[in-house]
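# A closer look at the structure
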Amino acid sequence: MAISEDEVKKVARLARLAVPEERLAAYTQSLSNILNLVDQLSAVDTTGVEPMAHPLDMVQRLREDVVTETDHRAQYQAVAPEVEKGLYLVPKVIE
Amino acid sequence: MEWETVIGLEIHAQLSTNSKIFSGSSTAYGAEANTQANLVDLGMPGVLPVLNKKAVELAIRLGLAIDAEITQRSIFARKNYFYPDSPKGYQISQYELPIVGLGHMDIQLENGETKRIGITRAHLEEDAGKSLHEDFQGQTGIDLNRAGTPLLEIVSEPDMRNAKEAVAYMKKLHALVRYLGVGDGNMQEGSFRCDANVSVRRPGQPFGTRAEIKNLNSFKFIERAINHEVERQIDIIESGGTVVQETRLFDPDRDETRSMRSKEDANDYRYFPDPDLLPVVITPEDIEAVRATMPELPDAKKQRFMSEYALTDYDASLLTQSREVADYFEAVAQGCGDAKLAANWVNGEVSKTLADHDLDITAAPVSSVALVELLQRIQDDTVSNKIAREVFEAMWKGEGSADAVIDQKGLKQITDTSAIEAMIDEIIAKNPGQVAEYRSGKDKLFGFFVGQAMRASKGKANPNTLNDILKQKLEG
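Residues numbered from 1 in each chain as written. Chains lettered and ligands numbered in written order. Predicted model: local features only at pLDDT ≥ 70, side-chain atom pairs only at ≥ 80, totals over all residues. Heavy atoms only, no water.

## Notes on the interface of chain A and chain B
Listed by partner, the interface residues are 38 residues for chain A and 56 residues for chain B. On inspection of chain A and its partner chain B, the count reaches three salt bridges. A salt bridge links Glu32 of chain B to Arg73 of chain A; the nearest nitrogen and oxygen atoms lie 3.1 Å apart. For the pair chain A and chain B, the interface holds 25 residue pairs in polar contact (both at pLDDT 80 or more). (Contact = heavy atoms within 4.5 Å. Salt bridge = Lys/Arg side-chain N within 4 Å of Asp/Glu carboxyl O. Polar contact = N/O pair within 3.5 Å; in protein donor to acceptor, adjacent residues only side chain to side chain.)

## Thoughts on the sheet that holds strand S4 (residues 90-93) of chain B
As a general point, the strands of a sheet are linked pairwise by backbone hydrogen bonds and lie either parallel or antiparallel. Residue and element names in this part refer to chain B. Within the open sheet, the three strands sit side by side as S4-S3-S14. Their pairing is antiparallel. Taken across any chain shown, the strands that pair with only one partner, and hence form the sheet edges, are S4 and strand S14 (272-273). In this sheet, S14 lies alongside strand S3 (residues 77-80) in antiparallel orientation, the contact comprising two bridges. When the bridges of S14 are listed, Arg78 appears paired with Phe272. (Pairing = 2+ DSSP bridges. Helix = DSSP H or I, 4+ residues; strand = E, 2+ residues; numbered from the N terminus.)

## A closer look at the confidence of the model for chain A
Per-residue confidence for chain A gives a mean pLDDT of 91; residues scoring 70 or more make up 98%. Mean pLDDT across the secondary structure elements of chain A bottoms out at helix H1 (residues 5-14) of chain A, with 92, and peaks at helix H3 (residues 73-78) of chain A, with 96. (pLDDT = per-residue confidence, 0-100.)

## Description of a negative patch on the surface
On the surface, Glu5, Asp6, Glu7, Glu21 and Glu22 of chain A cluster together into a patch of negative charge. Inspection of the secondary structure assignment puts Asp6 of chain A in helix H1. (Patch = residues over 30% accessible without salt bridge, like charges linked within 9 Å, V, L, I, M, F, W, Y side chains within 5 Å. Areas by Shrake-Rupley, 256 points an atom, 1.4 Å probe, with all protein chains shown as cover. Lys, Arg positive; Asp, Glu negative; His and termini not counted. Charge placed at Lys NZ, Arg CZ, Asp CG, Glu CD.)

## What to know about the sheet that holds strand S9 (residues 150-156) of chain B
All names here are of chain B. Pairing is mixed in the open sheet, where eight strands are placed in the order S5-S6-S9-S1-S10-S11-S12-S13. Each edge of the open sheet is held by one strand with a lone partner, namely strand S5 (103-108) and strand S13 (256-259). Ignoring strand direction, the axes of neighbouring strands in this sheet form an average angle of 30°. Pairing geometry for strand S1 (residues 4-14) and S9, over five bridges, is antiparallel. Each residue of the ladder has a partner; that of Ile11, found in S9, is Ile154. (Axes fitted to C-alpha atoms, helices over the stretch in contact; angles between N-to-C directions.)

## A look at the pattern of salt bridges
All names here are of chain B. Evaluated as defined, the whole model comprises 42 salt bridges over all chains. The salt bridge partner of Lys214 is Asp195, with a shortest N-O separation of 3.4 Å. With Lys214 in strand S11 (residues 211-216) and Asp195 in strand S10 (residues 192-201), this residue pair connects regions lying 19 residues apart in the sequence. Classification of Lys214 as partly exposed rests on a relative accessible area of 25%. Ionic contacts of the salt-bridge type, sharing partners, join the residues Glu296, Lys301, Arg304, Glu308 and Glu330 into one network. (Buried < 20%, exposed > 50% of the residue type's maximum accessible area, 1.4 Å probe, protein only.)

## Focus on the nonpolar core
Residues and elements named next belong to chain B. The biggest cluster of nonpolar side chains holds 66 residues, and the ones touching the most others in it are Leu9, Leu124 and Tyr169. The residues touching Tyr169, leaving out its near neighbours within four places in the chain, are Leu9, Ile11, Met105, Ile107, Ile117, Ile119, Ile154, Ser156 and Met160. If you look at the next biggest cluster of nonpolar residues, it comprises 40 residues, including Phe305, Leu311, Leu371 and Ile387. (Core = buried A, V, L, I, M, F, W, Y, C linked by side-chain atoms within 4.5 Å.)

## Points about empty space enclosed by the protein
All names here are of chain B. Under the definition given, this model contains one cavity of 30 Å³ or more. Together, Ala175, Arg178, Tyr179, Gln321, Ser322, Arg323 and Glu324 line the largest cavity. Only helix H2 (163-179) and helix H7 (323-336) provide two or more residues apiece to the lining of the largest cavity. It is H2 that provides the largest number of residues to the lining of the largest cavity, a total of three residues. Residue composition of the lining of the largest cavity, by class: two nonpolar, two polar and three charged. Mapped onto the domain boundaries, the lining of the largest cavity takes at least three residues apiece from domain 1 (4-287) and domain 2 (296-409). (1 Å grid on protein atoms, 1.4 Å probe; cavity = no way out; pocket = protein on both sides within 12 Å on 5 of 7 lines; lining within 4 Å. Points joined across faces, edges and corners; volume = space filled by probe spheres on them. Nonpolar A, V, L, I, M, F, W, Y, C, P; charged D, E, K, R; others polar. Domains from an automatic or database assignment.)

Structure (C-alpha cells):
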C-alpha cells in the first residue's frame, strides 16, 4: 500500500514532527515500504488465530491501592523551563 | 413538522481510590498544585504504568450493577493528542475490548412509565491535569495533581429522546455510582461530569448529524444545554442549512452552546494498544468475589421498601435516591415501628429542613435515634403531629432531645378531658351568635370552634379528644 505525500504531512502534523519539504519524498517512500511489508504480513491466512494485544504472553499484574509516593515537587520543578506558584508554565493555550 | 431529539451521554465518573490509576500518587482533592504529581504522572521518559487493582474492582462493580458483560481479557490503548495538561502526549484509555461491555439501566419517565436505556460500554482511563489560563503574563499554568486520577467513562446508546430523559438517566447513574461506592459523585469537584451527543431528525428517519456538548457538570445545565442545542439545530435545518459535526461548549451565563476552537484533526486519535500495559485478565472467580460485596441496589431497595413497609411508589422512590437517606429511614421505621409515619417525616420535615440548610442527611443534627424518640411521643399522644414539628425545629437547633424540648417548652398535649371541657364551655359562652348559627345548621362553623379551642390551648389539646367534646357540647 502506498501512502501519499499529503498523508505524510498530516501524520507529521498530528505527531508534531517537522518534516522539511526536501525530505518529504524520501519519508513517503520509506513509510510506503513499511506499509508494503505490513501488506505482506496481512496476506497470511490467520483464520482461527487469536489477535495478539501484546508480544509478551503474560497478563497484567495489579498494584494494591496504596499511596506510595511523596511530594518531590521542588526537585521536579528545578528542571522545568518555567514555574510559578507551584504551576508548570507553558505557552498560552486557550480552548 | 415534528422533530425528534436523539441523545446519547458519555459520563465520566471519578473512581474512589486512594492512589492514581497507574501510579502511587495520592488522588486527594484540593492539595497544593503539583504536590501529587510524580514521575509517572509527569510523563517522564522511562517510567512504567502499573494498574491499580481497586480501579479494576470498582469498574467490575459498576458493570455488574448495570447487568453488563465483564470483559475477561481487556486491553489498554493510547489515545494520542497534544495538550499541555496531558504530559505524555497521549491518554491511556481503552478502545477495543473495554472492561465493561453492553449493559442497561431502567429510568422512570415523568408519566410514571419505565424506559430501558442501553449502555454501550464503560472503560477505564486516566484523567488529565488542569490548565489555568489567568494571571501568568500570557502563559498557561499547569497543575498535574489530577493527571492520572482513575476515571470510568460510561457510554450510553443514543436511546434518550428529550432533555428530561437525559437528566433522569444521569441522576440514576449518579445515585448508582454513589450507592456502589464506585465514586463520590461530587459534581462541583468534577468527580462526575457528562458530555452529551445531541442530534435531531424527523421521526422514523435515520439519525441526524450530532454535536457533542462538553463538560456538563450539573443536572440543571445538562437540561438547559440540550434544549438550547436542539433549538439551534432545528433553526439551522429549517432555514435550509446543515448541522456540522463538532464539539460545542455550554455557556451557562449566556444560555447557549458555542463551537469550540475548530479542531479538524480532533477526532484523529490514532488509538493503538499501549505496549507498556499487558492484557488485563479477569476470571469468573474475580467477578464472583466482587459480586459478593455488592450492596443492595436502588431498584431492589425500592421494591423491598414497597413490599416490606407498604410504602407508595412515590415515597419509596424518594427514600431510595441515596443510600444514606434509605439507611436513615430504615433506622427510624424500625425504631418507631410505623413505616408510614417514618416515611412522612423523612420525606417531609427532615428533607425540607435539610434542603433549607443545604445539608446532606449525614450532616443532619437530628439523628435517626433522636427522631425515633420524637415520633414515639406522637404515637403515645404526648404531642400532636403539628406540635412535633415545633419540637423537631428546636431539636435541629440543638435545644435537646424530644423529651427535653417538650418538657422545657411545656408542649405536652392536654388529654385531661375536664380541662378541655372547661375551655370549650368558655368559648361557647363567649360566642353565642356562632353557636346559634351552628345549631341552626351552619355545619361549616365547626372549624371555627376547633380553631378557637386550639388557640386557647396553644395547640396542645389532643385533637381527637377536642373534636369529640366540642361536638357533644355544640349539639348540647
